[in-house]
Each structure stands twice: as C-alpha cells, then as structure tokens.
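# Commentary on secondary and tertiary structure
Each chain, letter by letter, is given below.
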Amino acid sequence: MNSEAIEISGTGFRYSALVGDGAMAKAGEFARKVMSGNRCAIIADETSARLFGDRISESFTAEKFSPHLVRIPAGEKSKSLTQVEKICDELIEAGLDRSSFVVGLGGGVIGDISGFVAAIFQRGIPHVQIPTTLLAMVDSSIGGKTGVNLDAGKNLIGAIHHPALIIADVKALESLPPNELRQGYAEIIKHAIIRDAEMFRALSPRTQSKNGFVALIRRNIAIKARIVSADVREVSGERALLNFGHTVGHAIERATNFKIPHGDCISVGMVAACGISTKRAGLSSQERDDVVALLKRFQLPTQLPAEVDRERVAAAVVHDKKFLGGKIRFVVTPTIGEAHVSNDVTMEDIREAISAL
C-alpha cells in the first residue's frame with residue numbers, strides 16, 4: 001500500500017496525513033510510531049462502528065494497544081455538550097488517563113466531537129483521525145478545529161487541537177452512497193475555487209481509478225494544509241478563505257435544523273458567494289456560471305428548496321463566527337483559483353444573494 005505522508009506543520013504542531021488504499025489495516029502500526037501510551041478510546045457513530053470498528057480495534061490490539069470502542073448516535077445532533085459529557089464519563093470508566101489517546105473513526109461529526117473530547121479530557125490528550133468520508137478526508141480532519149454546537153449556531157464551543165496523525169483509506173469510500181460522496185466533492189470544488197484553477201478545470205464526476213482518487217485526496221489535503229499552516233487560528237485571514245460558501249451554507253443548515261446535508265448547504269452557499277463576488281469582487285458572470293455548471297455535474301444543488309424560508313436563512317447569518325465585532329467578513333472570489341476576505345459586503349448583499357437562490 002502506498003501511503004506516502006503529507007506533512008502538516010506550523011507554530012507548535014507537526015503531524016502527518018497518510019492517504020492510501022488499505023491504510024486502515026495498518027492503522028495500529030501507524031499509530032504505534034507516534035503514540036507511547038497503550039490505552040485508547042475509538043469514538044465512532046453506529047455506522048462507522050459497524051463497518052470499521054472491529055477492523056480498527058484488531059489493528060490496534062495487534063500493536064499491543066488496549067482499545068475501547070465508544071459508540072454514539074450518528075448525525076449532527078450528537079455534537080452537543082451532553083454527548084461530550086457522556087463520552088468523558090465512559091472514558092473514565094474504561095480507565096483512560098493522561099497517558100491515553102482518542103481515535104476518531106468516522107465522518108466530520110465524529111472528527112469534531114472526538115477532537116473536542118481529546119482537547120478537554122484530562123486537560124488534553126492526543127487525537128488520531130481516521131476519516132471515513134470524502135468530506136472528512138479532504139477537509140474537516142485537517143487543521144485541528146474541533147467543537148460542538150449550541151442552539152445559537154454551529155461549532156460555537158470548541159478548541160484548536162491538532163491531531164497527532166491522520167489515516168485516510170480510500171477503501172472506506174466504497175461503502176459510501178453517492179449522496180454521501182458528493183458532500184466531499186463540494187469541499188473539493190471549494191478548494192479549487194479558492195486556490196487551484198487547474199484542478200477546477202480538470203474536475204469531472206467520471207469514475208476515477210483508485211490511484212486517481214488517492215492523488216485527488218492528497219492534492220486537497222495539501223491545499224488545506226498550506227492554508228492552515230499559514231494561519232492556524234484564523235488571525236491573518238488566510239485560513240478564513242476556507243470558509244468560502246460557508247457563511248450562507250452554515251445559515252442554511254441552522255435555518256433548516258440540519259435537515260439538508262453539509263456539502264449540499266455549502267454548494268448552495270458557494271452559489272450565493274459567487275453572486276456576491278460578481279457584485280463586490282469583479283467575478284465574471286461566465287466564471288459564476290462555470291461554478292454553477294460544475295456543481296450541477298456533481299449532482300450538487302445550486303438552489304434552495306422552495307419550502308426553505310429565505311428570511312430565516314438571512315436571520316441565521318448573523319450568528320456566524322466569522323463576524324468580528326459585528327462587522328461582516330465575507331470570503332469572495334475575483335476569479336477562479338483566487339479568494340480573499342472582503343469587508344465591503346453588506347447584509348443587504350447577503351440578503352439579496354439568498355433571495356436569488
């Protein structure tokens with residue numbers, strides 16, 4: 001198995017992302033190279049526990065680790081402080097201590113909550129990410145953002161806690177239904193819009209070889225890694241570029257009570273961001289149309305369902321964490337392959353873009 005490492009580093013952190021076909025079978029072996037403690041908790045939802053739990057537990061046991069599998073309900077509703085408390089209680093009962101570590105086995109929700117547990121349990125223990133969805137592999141597993149939701153919005157409680165290791169196995173993607181796979185393509189298209197015009201032009205939903213899939217995932221991890229390394233805590237604005245499409249996308253999630261999948265919300269959010277970019281950043285209407293066409297080729301939505309209350313979406317925007325001191329910081333693209341944070345976007349611009357969806 002080719003699992004050449006992508007190094008991700010910055011001030012105070014350095015870790016590897018291993019991407020390959022069959023990487024899960026060697027998860028214990030990879031973890032042993034970076035972990036000294038023997039006891040660990042594998043946090044998974046019901047689906048990832050059923051599909052991969054035994055395989056990962058056996059891989060860790062073979063390397064003389066003592067793994068404890070923690071199962072939590074699937075879905076965004078699990079990202080709560082109540083669920084975090086339950087997990088921490090279970091970790092104590094299982095005998096985990098400051099020398100232990102946490103493994104997140106699943107998609108973005110699992111990565112967020114397992115990372116947050118690792119950040120706060122015993123004041124912080126190491127975290128290993130084993131993403132099992134395309135969305136988590138190319139986006140949420142990288143960069144150390146962890147968190148849970150409040151009624152007021154997504155990820156309002158959290159911590160920056162970088163993983164000690166990321167293990168991405170493309171074989172895990174074989175179990176994903178097409179709807180789940182396209183959620184990851186939304187973030188891949190986002191990376192192309194903000195940083196990689198060549199990838200934007202080359203993207204196609206045609207069936208890829210496994211080697212091609214590995215190369216695509218590695219390319220996207222490298223894009224995010226470069227941005228994260230330059231701006232770990234979203235201070236300079238570089239990391240904020242990763243939020244392209246997310247201001248409106250997160251508002252759609254909140255306004256619809258998370259009934260629409262994350263990637264679909266981000267897809268519609270990117271259409272809104274492109275509309276605002278044509279008005280405020282000089283994006284050509286042709287390139288805006290190119291973005292819409294590419295999203296459609298990947299079966300991603302480009303309009304809000306008729307029953308979604310546009311006013312409710314607009315009201316949810318103000319809870320976005322990217323508003324600093326009440327000022328709107330909105331990510332715009334002047335041309336495909338480039339993006340920047342704009343302070344010129346008004347709430348009226350955002351409302352207008354949402355009403356056009």
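Residue indices begin from 1 for each chain and proceed along its sequence in written order. For this predicted model, a pLDDT threshold of at least 70 governs which residues receive local features, and a threshold of 80 or more governs which side-chain atom pairs are given and counted, while totals over whole chains, interfaces and linings are taken from all residues. Computation of side-chain values: all heavy atoms of the structure, hydrogens and water removed.

## Remarks on the overall build of the chain
Note the cut-off: Each helix is a run of DSSP H or I of at least 4 residues and each strand a run of E of at least 2, with the numbering of both proceeding from the N terminus. Atoms considered for the radius of gyration are the C-alpha atoms alone. The globule rule reads 2.2 Å times the number of residues to the power 0.38. Residue exposure (1.4 Å probe, protein chains only): buried if accessible area is under 20% of the type maximum, exposed if over 50%, otherwise partly exposed. The contact definition used throughout considers only heavy atoms, calling two residues in contact when any of these lie within 4.5 Å.
Counting its regular elements, the chain contains 13 helices and 11 strands. Here the chain has a C-alpha radius of gyration of 20 Å; the compact-globule value for 357 residues is 21 Å, and the two agree. A principal-axis box enclosing the C-alpha atoms of the chain has dimensions of 60 × 40 × 40 Å. Residues counted as buried form 58% of the 357 residues belonging to the chain. Put simply, 75% of the contacts in the chain that link residues at least 6 apart link residues at least 24 apart.

## So, helix α2 (residues 46–61)
In an α-helix, one turn spans 3.6 residues, which is why side chains three or four residues apart end up on the same side. Rules: Here the expected length of a helix is defined as 1.5 Å per residue gap, with one fewer gap than residues. Counted as a polar contact is a pair of N or O atoms within 3.5 Å, where, for protein atoms, one must be capable of donating a hydrogen and the other of accepting one, and residues adjacent in sequence contribute only when both atoms are in side chains.
Along its 16 residues, α2 runs 21 Å from first to last C-alpha, staying within 8% of the 22 Å computed at 1.5 Å per residue. The complete set of buried residues in α2 reads S48, A49, F52, G53, I56, S57, S59 and F60. Tucked into the core, α2 has its buried residues touching α1 (27–32), β3 (39–45), β4 (66–72), β5 (101–106) and β6 (127–131). Of the residues that open α2, the one with a side-chain oxygen 3.1 Å from the backbone nitrogen of T47 is D45.

## Quick word on the sheet that holds strand β9 (residues 165–169)
Using the following cut-off: Two strands qualify as a pair provided that DSSP identifies no fewer than 2 bridges between them. The axes used here are C-alpha line fits, helices contributing only the stretch in contact, and every angle between their N-to-C directions lies in the interval 0 to 180 degrees.
Taken together, seven strands build an open sheet; the order of strands is β1-β2-β9-β6-β5-β3-β4 and the sheet is mixed. Only two strands of the sheet have a single partner each, and these edge strands are β1 (5–10) and β4. The sheet shows a mean angle of 20 degrees between the axes of neighbouring strands, taken without regard to direction. Contacts from α2 reach β3, β4, β5 and β6 within the one sheet, and its direction differs from that of β3 by about 160 degrees. In the packing of helix α4 (residues 108–120) onto the sheet, the strands contacted are β3, β4, β5 and β6, and the crossing angle to β5 comes to about 175 degrees.

## Some words on the environment of P73
Relative to the helices and strands, P73 is located in the loop between β4 and α3 (81–93). Exposure remark for P73: the relative accessible area of 40% places this residue in the partly exposed category. C-alpha of P73 to C-alpha of Q83: the two residues are 10 residues apart in sequence and 9.3 Å apart in space. When sequence neighbours within four positions are dropped, the list of residues in contact with P73 reads D45, E46, S78 and Q83.

## Topic: the side chain of D349
Along the chain, D349 falls in helix α13 (residues 347–355). Here the side chain of D349 touches T346 through a polar contact of 2.9 Å, landing on its backbone nitrogen. Setting aside residues no more than four positions away along its own chain, D349 makes contact with I276, K279, R280 and D344.

## Quick look at the packing of aromatic side chains
This is how it is decided: For Phe, Tyr and Trp, where Trp contributes only its six-membered ring, two rings pair if their centres lie within 6.5 Å, and the inter-plane angle classes them as stacked under 30 degrees, edge-to-face over 60, or tilted in between. In this analysis the charged atom, NZ for Lys or CZ for Arg, is taken to sit over a ring once it is within 6 Å of the ring centre and within 35 degrees of the ring normal.
Here the structure, examined in full by the defined rule, presents five aromatic pairs. Residues F60 and F65 carry aromatic rings whose centres are separated by 5.3 Å and whose planes lie at 50 degrees to one another, so their mutual orientation is tilted. The pair F60 / F65 is uniform in exposure class, with both members buried. Here the aromatic residues F60, F65 and F101 are joined through ring pairs into a cluster of three or more. A cation over a ring is seen here: R32 above F65, with NZ or CZ 3.8 Å from the ring centre.

## Some thoughts on the packing of helix α9 (residues 246–255) against helix α10 (residues 262–280)
Formally: Angles below 35 degrees are treated as roughly parallel, those above 145 as roughly antiparallel, those between 65 and 115 as roughly perpendicular, and all remaining angles as oblique. What makes a crossing left-handed is the near helix being turned counterclockwise from the far one by less than a right angle; a clockwise turn instead makes it right-handed. Asp, Glu, Lys and Arg are counted as charged, while Ala, Val, Leu, Ile, Met, Phe, Trp, Tyr, Cys and Pro are counted as nonpolar; the rest, among them Gly, fall into the polar class.
Here α9 crosses α10 at 135 degrees, and the two axes come no closer than 7 Å. With respect to α10, the axis of α9 lies oblique. Classified by chirality, the crossing of α10 by α9 is right-handed. Contacts between α9 and α10 involve H246, V248, G249, H250, I252 and E253 from the former and H262, C265, I266, V268, G269 and A272 from the latter. When the residues that make up the contact of α9 with α10 are grouped by side-chain class, the tally is six nonpolar, five polar and one charged.

## What to know about the pairing of β1
Where β1 meets strand β2 (residues 13–20), six bridges bridge the pair, whose relative direction is antiparallel. Pairing of S9 across the sheet is with R14, part of β2. Hairpin connection, β1 to β2: the antiparallel pair is bridged by two residues, and G12 has positive phi, about 85 degrees.

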